Amino acid sequence: MTMTPPPTVIRLLACAFGAGLTVTALAAGPATAQTQPQEAPARAHYAGSSEDAAANKAFFQAVLKSVAEKRAAHPGAAQVTVTYDASGAPTFQQQIANSASIWNSSVANVKLQSSAGGGDFSYREGNDPRGSYASTDGHGSGYVFLDYAQNQEYDSTRVTTHETGHVLGLPDHYEGPCSELMSGGGPGPSCTNPNPDANERAQVDALWANGFAKALRKAEAQLR
C-alpha cells in the first residue's frame, strides 16, 4: 500500500535494491524477514541516472548537516557520530544492527549509533514493488525503507548495509562485482557479500574527514 509522496520528498534509488521514491504506509509484516509468505516479484535491474546520483548526494548532505549542527552545539565531542532510529523497522532489527557493526568496523572517521526516539535518520519497513530505498526531504530528515519481498530475494544484510552506504555518502555502482557493496543487486540475488571493499571504505573516510569539516564550519556560522 502506497501513498502519494509530498512534493518535498526527493526521489532516491536502489537498483535491484529498488528504484524510485514514495512515502509508504507501514504494512503489517512477517515476524522475520525470511518468513514473508508471498513469492518475491520479478524486479527489473535498474541502471541508475544522473537524477538518482544527485538524490543520493542530497541524502548524504542532509545527514551531514544534521550531524554538523549537533556537533556545533557540542564542539567538545571527540568523534563524528551519525545516529539512527530503528524502531520503525522491527522485522529488520538484526540486519540493521549488523549493518551498523559492519560500517563501524570498516571506517574510522564516522560511527553509526542507535538512538531511541530520534536520530539523524531512521529505518522503516513495508511492502513496495519498487523495493528498498533511501529518502530525504533535503532538510536533515531522512529514512531508509526496507521492502519485505526484496529482502527475501536478496541477502537482507547486504540490502540494509548497501542502503546505509547511501546515508554515508556512497553512490551506486551497479556494474561492479559482488565484492563491491554498492554494486547492489547488479551481480544478482546469489551475491551475499555485505561488506564494503577497500575503495568504498576509503571513500567514506574521505567524505567524513573532508566534507564534514566544511559542513561544521557552515553550521557554526549559522549558530553565531
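The rules behind these values
Residues numbered from 1 in each chain as written. Predicted model: local features only at pLDDT ≥ 70, side-chain atom pairs only at ≥ 80, totals over all residues. Heavy atoms only, no water. Helix = DSSP H or I, 4+ residues; strand = E, 2+ residues; numbered from the N terminus. Buried < 20%, exposed > 50% of the residue type's maximum accessible area, 1.4 Å probe, protein only. Contact = heavy atoms within 4.5 Å. Areas by Shrake-Rupley, 256 points an atom, 1.4 Å probe, with all protein chains shown as cover. Pairing = 2+ DSSP bridges. Right-handed = clockwise from strand over helix to strand, strands pointing away. Axes fitted to C-alpha atoms, helices over the stretch in contact; angles between N-to-C directions. Phe/Tyr/Trp six-rings, centres within 6.5 Å; stacked < 30°, edge-to-face > 60°. Lys, Arg positive; Asp, Glu negative; His and termini not counted. Salt bridge = Lys/Arg side-chain N within 4 Å of Asp/Glu carboxyl O. Polar contact = N/O pair within 3.5 Å; in protein donor to acceptor, adjacent residues only side chain to side chain.

Student: Looking at this structure, I do not really get the overall build of the chain. What am I missing?
Tutor: A tally of helices and strands in the chain yields five helices and seven strands. Across the chain, helices and strands are ordered from the amino to the carboxyl terminus as β-β-α-β-α-β-β-β-β-α-α-α. With 224 residues in all, the chain has 51% of them scored as buried. Long-range contacts, defined here as pairs at least 24 residues apart, represent 69% of the contacts in the chain between residues at least 6 apart. Accessible surface computed for the chain: about 9,900 Å², of which carbon and sulfur atoms make up 54%.

Student: I keep staring at the pairing of strand S3 (residues 81-88) and nothing clicks. Help me out?
Tutor: Looking along a regular strand, one sees side chains alternate from face to face of the sheet. Burial analysis of S3 places six of its eight residues in the buried class, the great majority of the element. Both S3 and strand S4 (residues 111-114) contribute to a ladder of four bridges, which runs parallel. By the bridge assignment for S4, Val-82 is matched with Leu-112. Tracing the backbone out of S3, into helix H2 (residues 93-106) and back to the parallel element S4 gives a crossover that is right-handed. Inspection of the sheet shows S3 paired to strand S5 (residues 121-126) by three bridges, in the parallel sense. Across the sheet, Gly-88 pairs through a bridge with Arg-124, a residue of S5.

Student: Sorry, what's going on with the environment of Gln-61 here?
Tutor: Here Gln-61 shows up in helix H1 (residues 50-73). Separated by 75 residues in sequence, Gln-61 and Thr-136 place their C-alpha atoms 9.8 Å apart.

Student: When you look at the sheet that holds S3 in this model, what are you seeing that I'm missing?
Tutor: Remark on secondary structure: sheet strands pair via backbone hydrogen bonds, oriented parallel or antiparallel. Overall, mixed pairing links the five strands, which are arranged S4-S3-S5-S7-S6 in an open sheet. Bordering the open sheet on either side are S4 and strand S6 (133-136), each of which pairs with just one other strand. The average angle at which neighbouring strand axes cross in this sheet is 30°, direction not considered. With five bridges connecting them, S5 and strand S7 (residues 142-147) associate as parallel partners.

Student: Please clarify how the packing of aromatic side chains should be interpreted in this entry.
Tutor: Any aromatic ring pair is given by two values, namely how distant the centres are and how the planes are angled relative to each other. Going through the model one piece at a time under the given rule, you end up with six aromatic pairs. Ring geometry for Phe-92 versus Tyr-148: centroids 6.1 Å apart, planes at 20°, classification stacked. Of this pair, Phe-92 sits in the loop between S3 and H2 while Tyr-148 sits in the loop between S7 and helix H3 (150-153), and the two are 56 residues apart along the sequence. Given a relative accessible area of 2%, Tyr-148 falls into the buried group.

Student: Please explain the side chain of Asp-197 as it appears in this structure.
Tutor: Relative to the helices and strands, Asp-197 is located in the loop between helix H4 (156-167) and helix H5 (198-223). Despite its burial, Asp-197 remains without a salt bridge, the nearest opposite charge being carried by Arg-201 at 6.1 Å. A polar side-chain atom of Asp-197 sits 3.1 Å from the main-chain amide nitrogen of Asn-199. Not counting residues up to four positions away in its chain, the partners in contact with Asp-197 are Ser-179 and Glu-180.

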